[in-house]
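What follows is the residue order along each chain.
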Amino acid sequence: MTKNKATLIAIVAVIGATTIPMAIALNRARHYALDWETDRAVMYAREILRRTDTTAEQVGAAIRKIRADTSADPCSASRLSLMRKLDLTSTYIQAIGHVANGRLDCSSLGFPPEQLNLGPVDATTPRGVKVRTNVEFPFAKGQKFLVVEIHDYAAVVHKALPLDIATPERGTARASFATVDYNPLGTSGPVTRSWFDSVRTKQEARFVDGDNIVAVVRSTRFPTGAVVSVPLRYATERVNMIARWLIPLALVAGLGIAAAVIFLARSRLGLPGILKSALRHNEFFVLYQPVVDLKTNKWVGAEALIRWRRPTGEMMRPDTFIPVAEETGLIQRITHRVVEIVECDARKLFAAHPSFHVAINLSPVDLHSHETVAMVKKIAATLPRASVNLMVEATERGFVNPEIAGDVLKEIRALGIRVAIDDFGTGYSSLSHLQSLHLDVLKIAKAFVDTIDTDSATSQVVWHITDMSKGLGLTMVAEGVETQEQANSLRDHGVQFAQGWLFAKPMTLDELITALNERERKAA
Ligand code: G
Ligand code: G
Ligand code: MN
């Protein structure tokens, strides 16, 4: 992973981690705020309708009471006193009177009939209730009243009264209207007539029209409806309020995630740095795993296996750092370090055991560089019997580019040093490589050894490998041998050598020399 890529991932992660949840949250908040404000508008409209309904109820009840009087004269003294009493006791009725020739000829008001002209009827309900919506009286100039007439008796109602509800939102508009003709009965503030139409086919409507949240309700008992509009900005302000704490919170969360992502990216990017420092501080060492002759049980050689102990005491497995070293071009320096260590160990080892050998692992990168040849040449020069004492192992993965890899191996062989193909069968090299490359040894991967004497589907593959290897005249070393049965089967199939925990685990140079001396003493 490159630094640019990591930065890009971090940026994308931060943008994603902050903006996506924030956008979702703000969108939800917008919905909730709108719902909340709309609910309030509906509540206001219902309150206006309740007051309108109460007005209608009071008018109906009052006129019923007056008509219950049995006197012949509609303007009898007993009726007039009843009118005054009802006027005084009902909360929404301003006055009550009798209608004759378009005027109140007697009423709870003390004015003469000439001053109580009602004017033309604006609407008549199916039940015969006549409604006048804009009645003006000379004694109350500038005020318009609603007059509801039933069976020649009429109630004068103050239009603003049902609309006069308290709302914390300023700038609300209200109206009550008749569903006979969908004309307003009373309005307060800018109300659009078309809003009334929204309840022609239903009981209640709520919607946004321009800058307004609108709620419209229709009475189930009277031919009336009510409208309230609340400026949309109340909902927007609520969202802005949420956004004011949500955005900083999301930014903090995003920065936290960014820090985490960058930290993770750094720690991955940092491994090459740590590897370089490990090379400088000699944190690598080598363990040797003996190679055993399957016929004689003699230890004939050993594979050098790198180990890394961090200053913290932590052991790093080659499986984790070798791939990183290969990716970042540090593997050649690591191979070089192994060669240095082996060179240093060689004198002590080969002085006492001159026909013993040590195998060094070469990585695919090493196989594609001619510097490797120079390196092997240099160590070979220090060894009295290099062609006996030294061997290199190249993993199958190394033959991606068989021409170049082949050249490097050919030059190493030209020095008289044996070459092994490691982990054979686990990579993707083809059998044709085996013929074209000049090899001495084939190392059978542990994966195949594990299948010996099992009923696994691939348990025969190992014997195809041994047959082919014999055909090519290669010496075989089986890896990861753990049981005597595996060792016996391998020996019976002509495999000459083996490594594995059955014989010995990887060990230090001193342990190896001690063990070799001990075995020679016993054999003697
Ligand atoms: O030693 P084991 O002990 O865990 O080795 C794990 C893997 O690391 C094996 O595939 C082995 O071949 C590889 N390995 C061990 N030492 C070296 C080394 O010095 N160079 C390279 N390239 N691979 C090594
Ligand atoms: O790929 P290469 O052969 O270089 O790696 C050998 C690896 O196998 C090392 O990690 C070594 O410690 C491990 N190893 C060697 N012998 C045995 C064995 O008998 N059993 C198991 N499980 N691992 C082994
Ligand atoms: Mn190996």
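Cut-offs used in this document
Residue positions are given per chain, counting from 1 as you read along its sequence in written order. Each chain gets a letter, beginning with A, and each ligand a number, beginning with 1, in the order they are written. Residues qualify for local features only when their pLDDT is at least 70, as the model is predicted, and side-chain atom pairs are given and counted only at 80 or more; totals for whole chains, interfaces and linings, by contrast, use all residues. The basis for every side-chain value is the complete set of heavy atoms in the structure, and neither hydrogens nor water enter the calculation. Secondary structure is summarised from DSSP: a helix means a run of H or I of at least four residues, a strand means a run of E of at least two, and numbering begins at the N terminus for each. Partly exposed describes any residue whose relative accessible area lies between the buried limit of under 20% and the exposed limit of over 50%, with all areas from a 1.4 Å probe on protein chains only and scaled to the type maximum. Only one rule defines a salt bridge in this text: a Lys or Arg side-chain nitrogen within 4 Å of an Asp or Glu carboxyl oxygen. Throughout, the term near means that a residue has one or more heavy atoms lying within 4 Å of the molecule or strand in question. Here a polar contact means two N or O atoms within 3.5 Å. Within protein one must be a hydrogen donor candidate and the other an acceptor candidate, and residues neighboring in sequence count only if both atoms are side-chain atoms. To measure how exposed things are, a 1.4 Å probe is used in the Shrake-Rupley method; for residues, cover is taken only from the protein chains shown. A pair of strands is considered paired only if DSSP assigns at least 2 bridges between the two. Axes here refer to lines fitted to C-alpha atoms; in helices the fit is confined to the stretch in contact. Angles between the N-to-C directions go from 0 to 180 degrees. Charged residues are taken to be Asp, Glu, Lys and Arg, nonpolar residues to be Ala, Val, Leu, Ile, Met, Phe, Trp, Tyr, Cys and Pro, and polar residues to be all remaining types, Gly included. Two cysteine sulfur atoms make up a disulfide if the distance between them is within 2.5 Å.

Can you lay out unusual backbone geometry for me, pointing to particular residues and giving the numbers?
Most peptide bonds take the trans configuration, and most residues that are not glycine carry a negative phi. Of note in this structure, D152 is not a glycine but carries a positive phi near 70 degrees. Along the chain, D152 falls in the loop between β5 (145-150) and β6 (153-158). By relative accessible area, D152 is classed as partly exposed at 39%. A positive phi angle, near 55 degrees, is found at Y182, a position not held by glycine.

Can you lay out the pattern of salt bridges for me, pointing to particular residues and giving the numbers?
Enumeration according to the criterion identifies 26 salt bridges in this entry. Linking R337 and E340 is a salt bridge whose minimum nitrogen-to-oxygen distance equals 3.0 Å. Here E340 and R337 lie together in helix α5 (residues 331-352), a separation of three residues that amounts to about one turn. D467 is the partner of K470 in a salt bridge, and the nearest nitrogen-oxygen pair spans 4.0 Å. Here D467 and K470 lie together in helix α12 (residues 461-471), a separation of three residues that amounts to about one turn. Taking the relative accessible area as the measure of exposure, K470 reaches 42% and is therefore partly exposed.

Describe the site of ligand 2, naming the residues involved and giving the relevant values.
Near ligand 2 lie 14 residues; those nearest to it are E303, K446, E479, E482 and W501. The contact in question runs from a nitrogen atom of ligand 2 to an N or O atom on the side chain of E482, over 2.5 Å. Note that an oxygen atom of ligand 2 is positioned 2.7 Å from one of the backbone N or O atoms of W501. Considering ligand 2 on its own, with 530 Å² of exposed area, one finds that the protein chains cover 74% of that surface. Contributing elements (two or more residues each) for the shell around ligand 2: β13 (299-309) and β17 (418-424).

Mind laying out the sheet that holds strand β11 (residues 224-231), listing which residues take part and the relevant values?
One open sheet accounts for five strands, arranged β8-β7-β11-β10-β9; its pairing is antiparallel. With one partner strand each, in any of the chains shown, β8 (183-188) and β9 (204-209) form the two edges of the open sheet. For this sheet, the mean inter-axis angle between neighbouring strands, taken without regard to orientation, is 15 degrees. Inspection of the sheet shows β9 paired to strand β10 (residues 212-218) by six bridges, in the antiparallel sense. Considered in β10, the bridge of V208 is made with I213.

Tell me about the site of ligand 1, residues and numbers included.
Around ligand 1, the surrounding shell consists of L305, I306, R307, R317, P318, D319, I322, V338, N361 and S363. R307 is positioned with one of its side-chain polar atoms (N or O) 2.8 Å from an oxygen atom of ligand 1. Contacts to ligand 1 include R317, whose side-chain N or O atom sits 3.2 Å from an oxygen atom. Elements with a minimum of two residues in the shell around ligand 1: β13 and α4 (318-327). When grouped by side-chain class, the residues that make up the shell around ligand 1 number five nonpolar, two polar and three charged.

Could you give an account of the state of the cysteines, with specific residues and numbers?
All told, the structure shown has one disulfide when counted by the stated rule. With a sulfur-sulfur separation of 2.0 Å, C75 is cross-linked through a disulfide to C106. The S-S bond linking C75 to C106 shows a torsion near -80 degrees; that makes this disulfide left-handed. Of this pair, C75 sits in the loop between α1 (3-68) and α2 (77-89) while C106 sits in strand β2 (residues 103-107); the two residues are 31 residues apart in sequence, bridging distant segments of the chain. Accessibility classification places C75 together with C106 in one group, the buried group.

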